[in-house]
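Examination of the molecular architecture
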Amino acid sequence: MPENTDCVEKESGGNRGKTSEGTESGVSRRDALKMSATAAAVGLTGISAMTGSAAATERQGISFDRVVNAVDDLGLDPDGDEPIDSAIEETIEEGDYLIEFPPGTYYWEDTVDESDVNNWGIRGLGDDPTDVRFVSEDGAGKFLLKTNGGEGILVENVAIDYGFDREGSLGLMLKADDGLRVQDLHFVGFKPTQGEGAVENLSPQALDSDGQAIVDGLVCTGPTDIAPHGHLDGDVNTSCVWLGERHVGELLVRNSHIENAGTNAIYARESAGDVKIEDSLFVNNNQTALRIGGSGSYVKGCRFVVDTDNATEENDGEFINPHAVTWETGERGETGGYIEDCDFVYESAPAKTAAAVWIDGSAGEMAIRDSRFRMDADGVAAIRADDPRDPRLGDTASKPWGVTLENVSITGSSSGSHPAVFVNNRDGSAIRDCCLQLTGNRDGIYLRNSDDSVVENTNVNVEGEATTFAGSDVSTEDISHSDSCPVPDDSFSIDDETETETPTDDETETETPTDDESESETPTDDESESETETEASTETETETEPETPTKTETETDDE
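Residues numbered from 1 in each chain as written. Predicted model: local features only at pLDDT ≥ 70, side-chain atom pairs only at ≥ 80, totals over all residues. Heavy atoms only, no water.

With respect to the overall build of the protein chain
Helix and strand content of the protein chain: four helices and 46 strands. Among the 559 residues that make up the protein chain, the fraction classed as buried is 62%. Long-range pairs, those at least 24 residues apart, make up 78% of the contacts in the protein chain between residues at least 6 apart in sequence. With an accessible surface of roughly 19500 Å², the protein chain has 39% of that area assigned to carbon and sulfur atoms. (Helix = DSSP H or I, 4+ residues; strand = E, 2+ residues; numbered from the N terminus. Buried < 20%, exposed > 50% of the residue type's maximum accessible area, 1.4 Å probe, protein only. Contact = heavy atoms within 4.5 Å. Areas by Shrake-Rupley, 256 points an atom, 1.4 Å probe, with all protein chains shown as cover.)

Here's the deal with the state of the cysteines
Throughout the structure, instances matching the rule amount to one disulfide. Two residues share a disulfide in this structure: Cys435 and Cys485, whose sulfurs sit 1.9 Å from each other. Taking the sign of the torsion about the S-S bond as the criterion, the disulfide between Cys435 and Cys485, at about -75 degrees, is left-handed. Within this pair, whereas Cys435 is found in strand S39 (residues 435-438), its partner Cys485 is found in the loop between strand S43 (474-480) and strand S44 (491-494), the two being separated by 50 residues in sequence. Taken individually, Cys435 and Cys485 each receive the classification buried, so the pair is uniform in this respect. Unpaired in terms of disulfides, Cys220 finds its nearest cysteine sulfur in Cys240, a separation of 3.1 Å. We classify Cys220 as buried; its relative accessible area is 7%. By relative accessible area, Cys240 is classed as buried at 2%. (Disulfide = S-S within 2.5 Å.)

Focus on the nonpolar core
Residues Phe101, Phe134, Phe304 and Ile410 are the most contacted members of the largest nonpolar core, which totals 100 residues. With five residues, strand S11 (residues 151-163) is the largest single contributor of residues to this core. Dropping the residues within four chain positions of it, Phe101 is found in contact with Ala70, Leu76, Ile84, Ile88, Tyr106, Ile122, Arg123, Gly124, Leu125, Val132 and Phe134. Listed in part, the six residues of the second largest apolar core include Leu281, Val283, Val345 and Ile494. (Core = buried A, V, L, I, M, F, W, Y, C linked by side-chain atoms within 4.5 Å.)

Looking at a negative patch on the surface
Taken together, the side chains of Asp427, Asp451, Asp452 and Asp473 define an acidic patch exposed on the protein surface. Inspection of the secondary structure puts Asp452 in the loop between strand S40 (445-448) and strand S41 (453-461). Relative accessible area serves as the criterion here: at 62%, Asp452 is assigned to the exposed category. (Patch = residues over 30% accessible without salt bridge, like charges linked within 9 Å, V, L, I, M, F, W, Y side chains within 5 Å. Salt bridge = Lys/Arg side-chain N within 4 Å of Asp/Glu carboxyl O. Lys, Arg positive; Asp, Glu negative; His and termini not counted. Charge placed at Lys NZ, Arg CZ, Asp CG, Glu CD.)

Some remarks on helix H2 (residues 85-94)
Taken residue by residue, H2 has Asp85, Ser86, Ala87, Ile88, Thr91 and Ile92 as its buried positions. Gly95 sits one or two residues past H2 and shows a positive phi near 80 degrees.

Looking at the pairing of S39
Summarising the sheet, strand S36 (residues 409-412) and S39 pair through four bridges and their orientation is parallel. Within the sheet, the bridge partner assigned to Ser409 lies in S39 and is Cys435. In terms of strand pairing, S39 meets S41 through three bridges, oriented parallel. Looking across to S41, one finds that Leu436 is bridged to Val460. (Pairing = 2+ DSSP bridges.)

Considerations on the pattern of salt bridges
Summed over all chains, the structure comprises 22 salt bridges. The residue Arg181 makes a salt bridge to Asp216 at a minimum N-O spacing of 3.8 Å. Taken together, the residues span a long stretch of sequence, with Arg181 in strand S13 (residues 178-189) and Asp216 in strand S15 (residues 212-216) at a distance of 35 residues. The burial state of Arg181 is the same as that of Asp216; both residues are buried. When the shortest N-O distance is used, the salt bridge between Glu328 and Arg291 registers 2.5 Å. Taken together, the residues span a long stretch of sequence, with Glu328 in the loop between strand S28 (323-327) and strand S29 (338-340) and Arg291 in strand S24 (residues 288-292) at a distance of 37 residues. Of the two residues examined, Glu328 and Arg291, each falls in the buried class. Through salt bridges with shared partners, a single ionic network connects Arg269, Glu270, Arg291 and Glu328.

So, the environment of Gly412
Tracing the backbone through its elements, the reader meets Gly412 in strand S36. Discounting residues that sit within four places of it in the chain, Gly412 has contacts with Met375, Asp376, Gln437, Leu438, Thr439 and Gly440.

Remarks on the packing of aromatic side chains
In total, this model carries nine aromatic pairs according to the counting rule given. With a centroid separation of 4.8 Å and 80 degrees between ring planes, the pair formed by Phe101 and Tyr106 is classed as edge-to-face. We note that Phe101, like Tyr106, is buried. Pairwise contacts between aromatic rings join Phe101, Tyr106, Trp108 and Phe134 into one cluster. The ring centre of Tyr298 lies 5.0 Å from the NZ or CZ of Lys300, which sits over that ring. If you follow Arg369 out to its NZ or CZ, it ends over the ring of Tyr338, 4.5 Å from the centre. (Phe/Tyr/Trp six-rings, centres within 6.5 Å; stacked < 30°, edge-to-face > 60°. Lys NZ or Arg CZ within 6 Å of the ring centre and 35° of its normal.)

A closer look at the side chain of Glu340
Tracing the backbone shows Glu340 in strand S29. Of note is the side chain of Glu340, whose polar atom sits 3.1 Å from the side chain of Arg369. (Polar contact = N/O pair within 3.5 Å; in protein donor to acceptor, adjacent residues only side chain to side chain.)

With respect to unusual backbone geometry
Between Gly222 and the following residue, Pro223, the backbone shows a cis peptide bond with an omega angle of 10 degrees. Looking at the element boundaries, Pro223 is found in the loop between strand S16 (219-220) and strand S17 (225-226). Cis geometry marks the peptide bond from Lys399 to Pro400, where omega comes out at 5 degrees. The phi angle at Asn457 is positive, at roughly 50 degrees, despite the residue not being glycine. By the element assignment, Asn457 lies in strand S41.

So, the pairing of strand S34 (residues 381-385)
Counting buried positions over the five residues of S34 gives five, a clear majority of the element. Where strand S31 (residues 355-359) meets S34, four bridges bridge the pair, whose relative direction is parallel. From the neighbouring strand, Val357 faces S34, where its bridge partner is Ile383. Summarising the sheet, S34 and strand S37 (residues 421-424) pair through three bridges and their orientation is parallel. Bridge pairing in S37 links Arg384 to Phe422.

Details of the confidence of the model for the protein chain
In this model, the protein chain carries an average pLDDT of 84, and 78% of its residues clear a pLDDT of 70 or more. This stretch, residues 4-53, has a pLDDT under 50; its non-local contacts, to residues over four places away or in other chains, come to 94 contacts. (pLDDT = per-residue confidence, 0-100.)

Points about the environment of Leu251
Secondary-structure assignment places Leu251 in strand S19 (residues 250-254). Relative accessible area serves as the criterion here: at 0%, Leu251 is assigned to the buried category. Linking Leu251 and Gly273, residues 22 residues apart in sequence, is a C-alpha distance of 7.5 Å. With sequence-adjacent residues up to four places away left out, Leu251 is seen in contact with Pro204, Ala213, Val215, Leu243, Asp274, Val275 and Lys276.

Given below as structure tokens:
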């Protein structure tokens, strides 16, 4: 059975069939926009003088001098017929406004692009985020709102709906110096490729090194047109969450659900700022769910599920390589960071999927603690740590390079030519208090060229070689071979609301991974804004598989 992860309705709200030439009443769209702007200006003039319903308030840690109702006070259309852009622009320029939207559908005709946005927000008043939907014309591919700098920006309890026409998507590019909060935001619709108009759904960036952005309760579940690698046919998918070089503060993502991303649920490989992921669910995301790394970054309390054989039939294209976490730091070559208290469940996956957690050579020392892997998909390793001397995705990481696994459990029925845990050229690595129990034809732990390492108090119950040390000086103590191991939990909840069950076994035989695994990702023109954010990738990422151990090159230690 597939994992039950339905979280958002798939109805496209409101009237999205309007053209730029005119409305049903015969009034031109340009005239309608002018009329709307005039009405909004009158409303704002009146609101500024009010002291009752527009009293100051604080939400999500952000203070607002005035609170206005989008319909009653600003006269905005809740039926999706008339654009709201000009009213949004004016409240931003005046500042200190929280606009509250009653349930309905609200039409954005053009991108609202503002700098130095302070203490401004939008909040839906519905019982569910999908009660308030922001839409645009059919097939539009654009950011509805782009902010650049300022402090105190709130987007809360609304949905961005781009429909199921398989053309275009809508997003928010939110950059603030500090105090950015995205709370309970849902994206609804079919996500096509960039060539069909798709944009990143959300870009939440903290521009100040001491600034913070928080994304809490994000839901982005597709379906999606999953494209081949960009360097093969020129078309690519876009991420759900994307960060560029300008993010230098802290991003915290929590209580979120991202599923069916065509490429990277959260892409942050170029960001010098910290990226922290907590208590979130990631299901069947192609390429990799998370691309993060560095000393201030972590993944805690999350669940990763890959069962591509049972993914929604509404997706187009085919999954290529759904890894859970690619730990990397790009050109920064940083060390540090950790994964803690996470579950990884692999039921079925394509042949090119190398590992659940893939530590690139651009990342130095890091740790995985208190986490559980269930690997039932053949050919997929649990943990792979590449040689920092030959990074695939950036520059050689700063030393130390050691990888630490503590209280990690790896179970399942998968077979494969690569061991469950592979560590390459990482001196000072440590595997402590871990448990491996694999019933398929697979080796357990393999360390290559990793001196001064240790494996202790660890159970390795596998059909193949328990431990293999090639060119490595490894200290071992209290190694057992018959114990049972803990498995991931059967269910997972997001903020005590959304429960998901672990899918039942449905094993699929796959082949050994091949090269040309990861696509290149190119941001849209809207995204670069004459800035350095075009870095998100014209890179071509080519996988280098670890060589399969042979008896002539390895030493085994089965203590």
